[in-house]
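# Fold and geometry: a report
For reference, the chains in residue letters:
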Amino acid sequence: MPNGSNIKVKTLKIDGKDVSAREDQTILDVCKENGVFIPTLCHLEGLSNIGACRLCMVEVEGSKKLFPSCTTAITEGMSVITQTDRLKHYRKMILELIFAERNHTCSVCVSNSHCDLQYLGQKMGIDHVRVPYRFPKQSVDASHPYFQLDHNRCILCTRCVRVCEEIEGAHVWDVSGRGINAKVITDLNQPWGTSETCTTCGKCVNVCPTGALSDKGRSVAEMTKRREFVALLANRRKEKV
Ligand code: SF4
Ligand code: SF4
């Protein structure tokens, strides 16, 4: 907590255990601080939270609703439950829908074994998908001299959009279209290699949870990512303010 801050402390329960936290924290922040695992895909420390993937849903005692923990602020006396059969059911369903929406063929992916989606699928025991695969025809953009974008692997988490805007300040990425037609685009939906705003910093590539964004020249399973720099840069900026 910054020196001289007026931020107050609140007390709440996470899975029946009493914890205290700063009033400006989210349920997810508090769970992470207390070693409680909650699956996430669109969340990344240092970027804004958008509650898009819905994997981090939790229950709050006294309400029938499910709450996205990354965008729900804590309140005094709230009691949060992070592991129930209901939550497990919905989290698995979300992952299955993501796997079915595009073409996630792990065995031929540059990020095989270094992929957040694959990791969560294994951790949550997904050995088959109960909905029909859509097998959409998706393109690959290899026009950038150093990086490539494979829409087949994209899960529309928008980490790339947010890091490019919030940390790099370039705002190359956006999302065009809606629903199953949504896709990430560079500049005015032109090939990434022709973008006049991209600084070639590589931040988007490193925060991408899957093999959708990768360095050129990497073969299957070679693409590892560094992500810690986002929280570091975000904190340094906050300290300067
Ligand atoms: S390389 Fe950097 S500037 Fe270019 S799109 Fe990615 S984050 Fe934005
Ligand atoms: S390209 Fe990667 S970071 Fe960007 S939305 Fe798709 S999966 Fe997320």
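Residues numbered from 1 in each chain as written. Chains lettered and ligands numbered in written order. Predicted model: local features only at pLDDT ≥ 70, side-chain atom pairs only at ≥ 80, totals over all residues. Heavy atoms only, no water.

## What to know about the sheet that holds strand β2 (residues 17-22)
A sheet is described by the order of its strands in space; here 5 strands give the open sequence β2-β1-β5-β3-β4, paired in mixed fashion. Lying at the two open borders of the sheet, with one neighbouring strand each, are β2 and β4 (66-68). On average, adjacent strands in this sheet sit at an angle of 40° to one another, irrespective of strand direction. Both strand β3 (residues 57-60) and strand β5 (residues 79-81) contribute to a ladder of 2 bridges, which runs antiparallel. Residue pairing in the sheet places Glu59 in a bridge with Ile81 of β5. (Pairing = 2+ DSSP bridges. Helix = DSSP H or I, 4+ residues; strand = E, 2+ residues; numbered from the N terminus. Axes fitted to C-alpha atoms, helices over the stretch in contact; angles between N-to-C directions.)

## Focus: the environment of Glu222
For Glu222, the position within the fold is in the loop between β10 (213-215) and α6 (228-240). Measuring from C-alpha to C-alpha, the distance between Glu222 and Ser113 comes to 8.8 Å, with 109 residues separating the pair along the chain. A polar contact is formed between the side chain of Glu222 and the backbone nitrogen of Ser219, at a distance of 2.9 Å. (Polar contact = N/O pair within 3.5 Å; in protein donor to acceptor, adjacent residues only side chain to side chain.)

## Here we look at the site of ligand 1
Near ligand 1 there are 14 residues, and of these Cys164, Trp173, Cys198, Cys201 and Cys204 occur at the shortest range. Residues belonging to the shell around ligand 1 are distributed by class as follows: 9 nonpolar, 3 polar and 2 charged. (Near = heavy atom within 4 Å. Nonpolar A, V, L, I, M, F, W, Y, C, P; charged D, E, K, R; others polar.)

## Quick look at the pattern of salt bridges
Within the structure shown, the criterion is met by 10 salt bridges. In this structure, the salt-bridge partner of Glu59 is Arg86, at a minimum N-O distance of 3.5 Å. In this pair, Glu59 sits in strand β3 while Arg86 sits in helix α2 (residues 85-101), placing the two residues 27 residues apart along the sequence. Classification of Glu59 by relative accessible area gives buried; the value is 15%. Looking at Arg86, the relative accessible area reads 35%, which means it is partly exposed. With a closest N to O distance of 3.1 Å, Asp116 and Arg159 form a salt bridge. Linking Asp116 in helix α3 (residues 116-123) with Arg159 in helix α4 (residues 159-168), this pair joins segments that are 43 residues apart in sequence. Both residues of the pair, Asp116 and Arg159, belong to the buried class. (Salt bridge = Lys/Arg side-chain N within 4 Å of Asp/Glu carboxyl O. Buried < 20%, exposed > 50% of the residue type's maximum accessible area, 1.4 Å probe, protein only.)

## Re α3
Along α3, the positions that sit buried rather than exposed are Asp116, Leu117, Gln118, Leu120 and Gly121. Looking one or two residues past α3, Gly125 carries a phi angle of roughly 70°, positive in sign.

## A look at the packing of α2 against α3
It is the contact of α2 with α3, at a shortest axis distance of 11 Å, that shows an interaxial angle of 135°. Considering the angle they form, α2 stands oblique to α3. Here the hand of the crossing between α2 and α3 comes out left-handed. Along its contact with α2, which presents Leu95, Ile98 and Phe99, the element α3 presents Leu117, Gln118, Leu120 and Gly121. Partitioning the contact of α2 with α3 into residue classes produces 5 nonpolar, 2 polar and no charged. (Parallel < 35°, antiparallel > 145°, perpendicular 65-115°, else oblique. Left-handed = near helix turned anticlockwise from the far one by under 90°. Contact = heavy atoms within 4.5 Å.)

## Here we look at a nonpolar patch on the surface
On the surface, Tyr90, Met93, Leu97 and Val131 cluster together into a nonpolar patch covering about 310 Å² of accessible area. Structurally, Leu97 can be placed in helix α2. Accessibility expressed as a relative area gives 44% for Leu97, which makes it partly exposed. (Patch = residues over 30% accessible without salt bridge, like charges linked within 9 Å, V, L, I, M, F, W, Y side chains within 5 Å. Areas by Shrake-Rupley, 256 points an atom, 1.4 Å probe, with all protein chains shown as cover.)

## Description of the nonpolar core
If you look at the biggest cluster of nonpolar residues, it comprises 29 residues, and the most contacted ones within it are Trp173, Val184, Trp192, Cys204, Leu213 and Val230. For this core, the secondary-structure elements that each account for two or more residues are β7 (147-150), α4, α5 (203-207) and α6. The residues contacting Leu213, other than those within four sequence positions of it, are Gln148, Leu149, Cys160, Trp173, Trp192, Cys204, Val205, Cys208 and Lys225. Among the nonpolar cores identified, the runner-up in size contains 19 residues, and Leu41, Cys42, Phe99 and Val129 belong to it. (Core = buried A, V, L, I, M, F, W, Y, C linked by side-chain atoms within 4.5 Å.)

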